[in-house]
Amino acid sequence: MLRASTACEAAGFPTSSLICDGFAKLAGAASVGLGMPNIPLALVPGHPGVQSQEELRRNILGVTLEKVITNLTSDPAAAGDEAEPTAREVVFRGGFDAVNRYFYEHEFSDGLPIVPPTRRKVEQFLRYTDRGADESLGNVLPDNRAATVWSIVVNGVMAGCRPEYMPMLVALIEAMLDPKYGVEHSGNTPGAETLIILNGPIIKQLGFNYTQGVMRDGFQANTSVGRFWRLYLRNVAGFLPHKNDKATYGNNYRIVIAENEDVLKRINWEPNSVEMGFAAGDNTVAIARYTGGNVICSVSGSKPEEILPYLADAVLRQISWQLDFTLGPHGGTLRPLVLLSPILAETIAKAGWSKGDMKRYLFEHARLPAWQFERMLRDWTYLPVWNLTEAVAAGEIPPVFHESDDPNRLVPLVWKPEDFMIAVTGDLTRNNAYAFAHNGDLGYTVGKRIRVPKEWDRLLAEMQR
C-alpha cells in the first residue's frame with residue numbers, strides 16, 4: 001500500500017494510506033525507507049480481520065473517514081530529518097560493558113553481548129576480501145541503506161564471526177539483495193526466519209558443523225554467521241521489533257546448515273548447490289525464509305517405500321495458509337524443505353533412488369483433497385482466488401490441479417517435483433528428518449557463489465598457524 005502511495009505522491013496525486021492499530025509504527029518506519037517520511041496515513045481502529053461489518057463500518061465512518069478527507073485535501077506536514085552516523089564515524093568510546101549498553105540502548109544489538117567493532121578488528125576482516133571497503137553491493141530495503149562492504153564487516157565483527165568468514169558474509173548479502181528473495185518482506189506478521197544452507201570445500205576449511213547437532217548453537221562458524229544475518233537485517237535493512245519487524249511471534253535466528261558432502265558423494269547424490277545451478281565443488285550459500293518446522297523422529301524402514309510415506313505425511317502437516325504460495329498472486333513459489341539424516345539418505349539411495357526420485361514421490365504423495373485445498377484458502381485465509389477449476393482453465397496453475405471434477409481428488413502442494421528441496425545433514429547414526437514450511441516468494445530460495453580472495457590459500461594457511 002505504501003509503495004503505491006509513494007508512487008502516486010511522487011507523480012503529484014494526493015493519497016491516504018489506511019493502516020490498522022498494530023501497523024502504525026511500521027508505516028511510519030517504512031515510509032522513511034521509501035523516501036517519503038511524511039506520507040499521509042489514516043488509522044482504522046483495531047484489526048479489520050476480527051471485526052463484524054457493523055463494527056468496521058462504525059470505525060471507518062467515525063474515525064478513518066475524516067482523516068482520509070484531510071489527507072486528500074491538504075498538504076502533509078513537513079518531515080523531520082534524523083541524521084545517521086557516517087560509515088566510519090566512531091559512535092562511542094568506552095569499555096566492553098559500556099559499549100554493549102550503548103549499542104543495546106540504541107537498538108544496534110540483538111540483546112546479547114556484541115563484539116565491539118573497533119577499527120583494528122574491521123581491518124582484520126578486510127584482508128579476507130578483494131572488494132573495497134566502501135564498495136556498495138546495492139541498497140537494502142526497507143530502509144534503503146547502502147549495503148557496503150564496511151557495513152558487512154562491522155556486523156560480522158559484532159556477531160562474533162572470524163575474519164575468514166568474510167567471503168561467505170559478502171555472498172549472503174548478495175543473496176539478501178536479490179529481488180527474487182524479497183528482503184522487504186522480512187518483517188511480515190508470520191515471523192518467518194531465514195535458513196542458510198552452505199555447500200563446498202569451505203565447510204571444512206572454516207570448521208562448520210555438518211553432523212550431530214547441526215541446528216544447535218555451540219559451533220562458532222554456524223552460530224555466528226546465522227547471528228550476523230539477523231544483525232544485518234536490524235542494523236542495515238532496518239527491521240526492528242515493534243517498528244518495521246511486525247512478526248506476531250517470530251523465531252530465533254537460525255544456525256547455518258552445512259550439507260554433509262562426504263555422504264552425498266558416497267551415495268552419488270548431488271549437493272544442494274548443484275540443484276541451485278552451480279557446479280559440484282563450488283562454495284555456495286542458499287537462503288530461504290521458513291515459517292516453522294518439525295522434527296520427524298525414528299523414521300523406520302529398510303527401503304524407500306517404507307520410509308517415504310512418513311516423510312510425505314510430515315511435509316503435508318507443515319502446510320496450511322502457505323497454500324497462498326501455490327495458488328493466487330504468489331502462485332508457484334512454495335518450496336518446502338526436508339532435511340534428511342545421512343542414514344536415511346543412504347537407505348533411500350541404496351535402493352537406487354536419487355534426490356529427484358524422492359522429490360517425485362513427495363509430489364505424488366504429499367497431497368490434499370481438492371475440496372480441503374480450496375476450503376483452507378477460502379475459509380481460513382480469505383484468499384480471493386481459490387477455485388482450482390477456474391484457475392486451471394485460466395492457465396494460472398498447472399493442469400495437475402484439475403484432472404477431474406471429483407472434489408475428493410488429491411492435488412499437490414507445489415507445481416512440480418523440483419519445487420521440493422532436500423538437504424542431507426545431521427547425526428550420522430540417527431534415522432530422523434526435519435520438514436520446513438516455506439514462506440514462498442516472501443523469502444524465496446536464492447543461491448549465490450562464495451568468491452574467495454586471490455590470496456585465499458595463503459590466508460587460510462596463516463590462519464591455521
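Residues numbered from 1 in each chain as written. Predicted model: local features only at pLDDT ≥ 70, side-chain atom pairs only at ≥ 80, totals over all residues. Heavy atoms only, no water.

K.L.:
Please give an account of the overall build of the chain that cites residues and values.
P.N.:
When helices and strands are tallied, the chain shows 17 helices and 13 strands. When each of the 465 residues of the chain is scored for burial, the buried share is 50%. Put simply, of all contacts in the chain between residues at least 6 apart along the chain, 78% involve residues at least 24 apart. Surface exposure of the chain reaches about 21,800 Å², of which carbon and sulfur atoms provide 52%. (Helix = DSSP H or I, 4+ residues; strand = E, 2+ residues; numbered from the N terminus. Buried < 20%, exposed > 50% of the residue type's maximum accessible area, 1.4 Å probe, protein only. Contact = heavy atoms within 4.5 Å. Areas by Shrake-Rupley, 256 points an atom, 1.4 Å probe, with all protein chains shown as cover.)

K.L.:
Lay out the packing of aromatic side chains in plain terms, naming residues and giving numbers.
P.N.:
Counting across every chain of the model gives 12 aromatic pairs. Judged by centre distance (6.2 Å) and plane angle (50°), the ring pair of W353 and Y361 falls under tilted. Ring pairing ties together the aromatic residues F92, Y102, F103 and F108, which thus form one cluster. We note R367 situated over the ring of F363; from NZ or CZ to the ring centre the distance is 5.2 Å. The ring of W386 is capped by R378, whose NZ or CZ atom sits 4.9 Å from the centre of that ring. (Phe/Tyr/Trp six-rings, centres within 6.5 Å; stacked < 30°, edge-to-face > 60°. Lys NZ or Arg CZ within 6 Å of the ring centre and 35° of its normal.)

K.L.:
I'd like to hear about the packing of helix α12 (residues 304-317) against helix α14 (residues 355-365), residue by residue, with values.
P.N.:
Between α12 and α14, whose axes approach to 9 Å, the crossing angle comes to 55°. Taken together, the axes of α12 and α14 lie oblique to each other. The hand of the α12/α14 crossing is right-handed. Facing α12, whose interface residues are L308, P309, L311 and A312, α14 presents M358, Y361, L362 and H365. (Axes fitted to C-alpha atoms, helices over the stretch in contact; angles between N-to-C directions. Parallel < 35°, antiparallel > 145°, perpendicular 65-115°, else oblique. Left-handed = near helix turned anticlockwise from the far one by under 90°.)

K.L.:
Describe the side chain of N222, and please don't skip the residues or the numbers.
P.N.:
Its place among the elements puts N222 in helix α9 (residues 220-237). Aside from chain neighbours lying at most four places away, what touches N222 is G207, F208, N209, V214, I255 and V256.

K.L.:
Give a description of the pairing of strand β8 (residues 337-340) that names residues and reports values.
P.N.:
Burial along β8 is two-sided: L337 and L339 and V338 and L340, pointing in opposite directions, are all buried. Where β8 lies against strand β11 (residues 421-424), 4 bridges are found, and the strand directions are parallel. Within β11, the residue paired with L340 across the bridge is V424. The sheet contact formed by β8 and strand β12 (residues 433-438) spans 4 bridges and is antiparallel. When the sheet's bridge partners are listed, L337 is paired in β12 with F436. (Pairing = 2+ DSSP bridges.)

K.L.:
Explain the environment of P113 to me, using residue names and the numbers behind them.
P.N.:
Along the chain, P113 falls in the loop between α4 (96-105) and α5 (119-126). The spacing of P113 and M158 is 45 residues in sequence and 8.5 Å in space, taken between C-alpha atoms. Excluding its chain neighbours within four sequence positions, the residues that come into contact with P113 are F96, N100 and R227.

K.L.:
Go over the packing of helix α6 (residues 149-159) against helix α7 (residues 166-177) with me, naming the residues and quoting the values.
P.N.:
The relative placement of two packed helices is expressed as an angle between their axes plus a distance between the axes. Packing of α6 against α7 brings their axes to within 10 Å, and their N-to-C directions diverge by 120°. As far as their axial angle goes, α7 and α6 are oblique. For the pair α6 and α7, the crossing hand works out as right-handed. Residue-level contacts link V149, I152, V153 and G156 of α6 to M166, L169, V170 and I173 of α7. Its residues placed into classes, the contact of α6 with α7 shows 7 nonpolar, 1 polar and no charged. (Nonpolar A, V, L, I, M, F, W, Y, C, P; charged D, E, K, R; others polar.)

K.L.:
Hey, could you go over α7 for me, with residue numbers and the actual values?
P.N.:
Spacing of three or four residues puts side chains on the same side of an α-helix, whose turn is 3.6 residues. For α7, with 12 residues, the first-to-last C-alpha span of 17 Å sits near the 16 Å given by 1.5 Å per residue. Here α7 lies mainly inside the structure; 11 of its 12 residues are buried. Among all positions of α7, only M166, P167, M168, L169, V170, A171, L172, I173, A175, M176 and L177 are buried. (Expected span 1.5 Å × (residues − 1).)

K.L.:
Please provide a residue-by-residue account of the side chain of K359, values included.
P.N.:
Mapped onto the secondary structure, K359 falls in helix α14. Here F420 takes part through its backbone oxygen, which lies 3.1 Å from a polar atom of the side chain of K359. Beyond its immediate sequence surroundings of up to four residues, K359 is in contact with E275, P417, E418, F420, M421 and I422. (Polar contact = N/O pair within 3.5 Å; in protein donor to acceptor, adjacent residues only side chain to side chain.)

K.L.:
I'd love a proper account of the nonpolar core, names of residues and values included.
P.N.:
Core analysis: the biggest nonpolar cluster contains 61 residues, and M168, L198 and F208 have the highest contact counts within it. The leading source of residues in this core is α7, at 10 residues. Not counting the four nearest positions on each side in its chain, L198 is found in contact with M168, I203, F208, V256, I257, A258, E259, T284, V285 and I450. If you look at the next biggest cluster of nonpolar residues, it comprises 52 residues, including I296, L344, L377 and A433. (Core = buried A, V, L, I, M, F, W, Y, C linked by side-chain atoms within 4.5 Å.)

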